[in-house]
Amino acid sequence: SAARDRYIKKTKTVCTYCGVGCSFDVWTDERHILKVEPGEGHANGISTCVKGKFGWDYVNSGERLTTPLIRDGERFREATWDEALDLIAWRFGEIRAQHGPDALAFVASSKSTNEEVFLVQKFARQVIGTNNVDNCSRYCQSPATKGLSQTVGIGGDSGTIRDIEHASLVITIGSNTAESHPVLATRIKRAQKQGRTRVIVFDLREHELARRADQFIRPKPGTDFVWISAVNKFILDHGLEDRPFLDARVTGLDEYRESVAAYTLEYAEQETGIPAATLEALARQIAAEEGVCVLWAMGVTQQCGGSDTSAAISNMLLLTGNYGRTGTGAYPLRGHNNVQGAGDMGAMPDQVSGYQKVTNPVVVDRHEREWGIRLRPDKGLDNTEMLDAALEGTLKSLWITGEEMSLTDSNANHLARGFEALEFLVVQDLYFTNTARYADVVLPAAASLEKEGTFTSTERRMQRLYQVMPPLKGTRPDWQIYMAVAQRLGVTWTYTHPGEIMAEIARLSPFFAGVTYERLEGYGSLCWPVAEDGTDTPLLYTERFHFPDGKAKLHPAEYRPRQQPPGGEFDLHLNSGRMLEHFHEGNMTFRVHGLAEKVPDAFVEVSPELAAERNIQSGQWVRLVSPHGAIRLQALVTARVSGNELYVPLNARKAENAVNFLTGSQGDAQTHTPAYKDTSVRMELLHDV
Ligand code: SF4
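Residues numbered from 1 in each chain as written. Predicted model: local features only at pLDDT ≥ 70, side-chain atom pairs only at ≥ 80, totals over all residues.

**With respect to the overall build of the protein chain**
Within the protein chain, the regular secondary structure consists of 25 helices and 28 strands. Going through the 689 residues of the protein chain one by one, you find that 58% of them count as buried. (Helix = DSSP H or I, 4+ residues; strand = E, 2+ residues; numbered from the N terminus. Buried ≥ 20, exposed ≤ 12 C-beta atoms within 10 Å, placed from the backbone.)

**A closer look at the domain arrangement of the protein chain**
Domain annotation of the protein chain identifies domain 1 (2–60), domain 2 (69–125 + 348–373 + 381–520), domain 3 (142–336) and domain 4 (572–685). Each of domain 2 and domain 4 was reduced to a C-alpha centroid, and the two centroids are 30 Å apart. Contacts between domain 2 and domain 4 engage 15 residues on the former and 16 residues on the latter. In terms of residue count, the dominant contributor to the side of domain 2 that touches domain 4 is helix α21 (residues 412–421) (three residues). (Domains from an automatic or database assignment. Contact = placed C-beta atoms within 7 Å.)

**Digging into the site of the ligand**
In the vicinity of the ligand, 14 residues are found, and the nearest of them are C15, C18, C22, C49 and G52. Counting only elements with at least two residues in the shell around the ligand, the list comes to α2 (50–54) and α8 (182–193). Taken together, the residues of the shell around the ligand sort by class into eight nonpolar, five polar and one charged. (Near = placed C-beta within 6 Å. Nonpolar A, V, L, I, M, F, W, Y, C, P; charged D, E, K, R; others polar.)

**Observations concerning α8**
With 12 residues, α8 should reach 16 Å at 1.5 Å per residue; the first-to-last C-alpha distance of 16 Å fits that figure. For α8, the set of buried residues is P182, V183, L184, A185, R187, I188 and A191. G195 sits one or two positions beyond α8 and adopts a positive phi of about 80 degrees. (Expected span 1.5 Å × (residues − 1).)

**Remarks on the pairing of strand β18 (residues 441–444)**
Neither face of β18 is left uncovered, since the one carrying V441 and L443 and the one carrying V442 and P444 both have all their residues buried. Where strand β4 (residues 69–72) and β18 come together, two bridges link them in antiparallel fashion. Residue pairing in the sheet places I70 in a bridge with V441 of β18. Relative to β18, strand β17 (residues 424–429) runs parallel, the two being bridged by four bridges. Note that in β18 the partner of D429 across the bridge is P444. (Pairing = 2+ DSSP bridges.)

**Focus: the nonpolar core**
With 194 residues, the main nonpolar core has V120, V231, V294, V604 and L646 as its most contacted residues. When sequence neighbours within four positions are dropped, the list of residues in contact with V120 reads F106, A108, V133, A347, T401 and Y482. (Core = buried A, V, L, I, M, F, W, Y, C linked by C-beta atoms within 7 Å.)

**Looking at the sheet that holds strand β25 (residues 621–626)**
Within the closed barrel, the six strands sit side by side as β23-β27-β24-β26-β25-β28. Their pairing is mixed. Neighbouring strand axes in the sheet, compared pairwise and without regard to direction, differ in orientation by 45 degrees on average. As paired elements, strand β24 (residues 604–606) and strand β27 (residues 645–649) share two bridges and run antiparallel to each other. The partner of V606 across the bridge, within β27, is L646. (Axes fitted to C-alpha atoms, helices over the stretch in contact; angles between N-to-C directions.)

**Examining helix α14 (residues 276–288)**
One full turn of an α-helix is made of 3.6 residues, so residues set three or four places apart face in the same direction. Between its first and last C-alpha atoms α14 spans 18 Å; for 13 residues at 1.5 Å apiece the expected length is 18 Å, and the two agree. In this fold, the buried residues of α14 make contact with α10 (224–237), α13 (265–272), β12 (292–296) and α16 (306–319).

**Some remarks on the packing of helix α4 (residues 114–128) against helix α23 (residues 498–508)**
Where α4 contacts α23, the axes come no closer than 9 Å and their chain directions differ by 60 degrees. α23 is crossed by α4, and the crossing has left-handed handedness. Judged by residue contacts, E115, F118 and L119 of α4 engage P498, I501, M502 and I505 from α23. Looking at the contact of α4 with α23 residue by residue, the classes come out as six nonpolar, no polar and one charged. (Left-handed = near helix turned anticlockwise from the far one by under 90°.)

**Remarks on the confidence of the model for the protein chain**
Looking at the protein chain, pLDDT values average 93 and 98% of them are 70 or higher. Under the prediction, the complex receives an ipTM of 0.99, its pTM being 0.93. (pLDDT = per-residue confidence, 0-100.)

**Looking at unusual backbone geometry**
The amide bond that connects W528 to the next residue, P529, takes the cis arrangement and shows omega of 0 degrees. As for its placement among the helices and strands, P529 is situated in the loop between β21 (525–527) and β22 (552–553). Located in the positive-phi region is R460, a residue other than glycine, with phi close to 65 degrees. Here R460 lies in the loop between β19 (453–456) and β20 (461–465). Not every positive phi belongs to a glycine, and Y541 is a case in point at roughly 65 degrees.

**Re the sheet that holds strand β5 (residues 75–78)**
Spatially, the seven strands line up as an open sheet ordered β5-β4-β18-β17-β16-β6-β7, and their pairing is mixed. Lying at the two open borders of the sheet, with one neighbouring strand each, are β5 and β7 (133–134). Across four bridges, the pairing between β4 and β5 is antiparallel. Along β5, the bridge assignment pairs R71 with F76. Contacts from helix α3 (residues 81–99) reach β4, β6 (104–107), β16 (397–401), β17 and β18, with the element oriented near 135 degrees to β18.

**So, the environment of V294**
If you trace the backbone, V294 turns up in strand β12. In sequence terms V294 and V201 are 93 residues apart; their C-alpha atoms lie 10.0 Å from each other. The residues contacting V294, other than those within four sequence positions of it, are I171, I173, I313, L317, A330 and Y331.

**Notes on the environment of D388**
Positionally, D388 belongs in helix α19 (residues 383–392). It is 9.9 Å that separates the C-alpha atoms of D388 and F419, two residues lying 31 residues apart in sequence.

**Concerning the packing of α10 against α14**
Between two packed helices, the angle of one axis relative to the other and the distance separating the axes together describe the packing. Contact pair α10 / α14: the axes reach a minimum separation of 9 Å and the direction vectors enclose 65 degrees. The interaxial crossing formed by α10 with α14 has right-handed handedness. Judged by residue contacts, W227, A230, V231, F234 and I235 of α10 engage L279, E280, L282, A283, I286 and A287 from α14. Residue classes in the contact of α10 with α14 are distributed as 10 nonpolar, no polar and one charged.

Right, here's the structure in full:
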């Protein structure tokens, strides 16, 4: 009826799950979500995956936090917002006065908006005076950012999803694309079906895209760097490189050639298990293709040499002239909806928004004019270093927004000790998370459907989300919370709308110079860098690479093998990752009835041959034990994994069975990203469950 229609509202939003950046209209009746309808989204068109379509009930979960909590001995008591905010400001001020600004640190959320992430780093730098700020890309794609920054200059995807669809060859490495980035995988599958694109998948697991691929190659764990370097050497040794491209646009060839001298196909076969003939055919194919896109994810980056392998991939694309045209380029696939934005907005210990170094005098002056302070030139602590500093006693306080850090960082038992060592921990989230158990103050945050702002997808595409419903009573958007604490610490921010924060971001960051809310109106979007006149850059490097001389740099090869390969009592390799129905640790998707019912808990995938050898059947309970901890899960016997490979999804129903109780503290040498994929365990069959 007409009366009823008055209350039904259609609002455009951007998906809050993965980094593909699907956007759609949400139809609501008050807080009741009637349907999700894809409109004209750039990334998705008329598609969504199961999470984007059905994964929104978490916003109305009865488990939402609706009042601040303050620790009272072993328990928590409810508090007013004023009481909680006063306590935070008082404790921060006291710790800074006693121990200096570097005794405090801040973790921004890759699920917050760009504007909110920007304010976290502004809070750390302007209000507190420290560079101790980071975000969860430290756990995933920091190595890709590093490898690309070293070779082509910008740590983001070279083009858009539509550019990937124009490739004649798509190679995925260590990416379960169909489950982790479903709509993007659909685009690849469509191009493949139409005969436009061939697909080669490198992975340990025969996941959905691997099954559909034209070629599926299973290297030994942690050896991607070796086969890529061998392919690159073969290309150079046989004159298959794109000589005109290299001469005109790339430096460092002689040094690179020397650095790969040892990477013969025979050595690569021995190290990776991939036959030399397969690698030779691959090298010839890559060199002959019209356009090659390489997509990669955590299988590459969460290793001891994640940055080196990312640089090696970029080297391969440079040698074969696969940059700067549609259908070519490097695509590190971003996990969270706004993990690209979290890095872009300067939640990093050495860079402010737009990847500007805190040591650059121009950047320092510009910030001084805007913020009235000199940026500190020293690098702050990254996420990994924060917890180590807490254990050493130099870090006293941490403010974590929207990250289930206690379960998503590696070596969870070590983390727990770090959290316990802190004097004052603030956790801001939708629910009382496992990390909140360690907090002194817990603040109830608003969800993405309840606020305005922008997200940046894996394509570097910035899109607006509009308020679908007001914040649940008792909760507040992150940006208002940071403002309230800044105010109490004597720094008055006067933002009345996130659009004003974006205007400041544009003033401070050349990459975002032309980004305005008007230009992002509705389904409008911009791929950064965005010039002042609003011209954006969906495809990078068409004329120049992002270095002063405009040329790309081949990065010399350096191999860092695994530190904890299987051996002795820990005889099995453990891999971990996402699954379609759940997002990450599952804090949101376990609160969506349909998704939780479909996949109620994590499990461990066991290969048929290992199951036969150990007499294990699907459904039996096993205990996995590593040098760092132990968890209990049910076995699932499946040919997706082979031999002595195990696979565990990230989303355990019970926190104590989270896979990161097994992972260790070793990490990527350049970025400290934990080497989650470098884990060995033993498996014990449990008879008494
Ligand atoms: Fe959301 Fe990613 Fe699914 Fe798109 S593919 S609907 S962004 S989870």
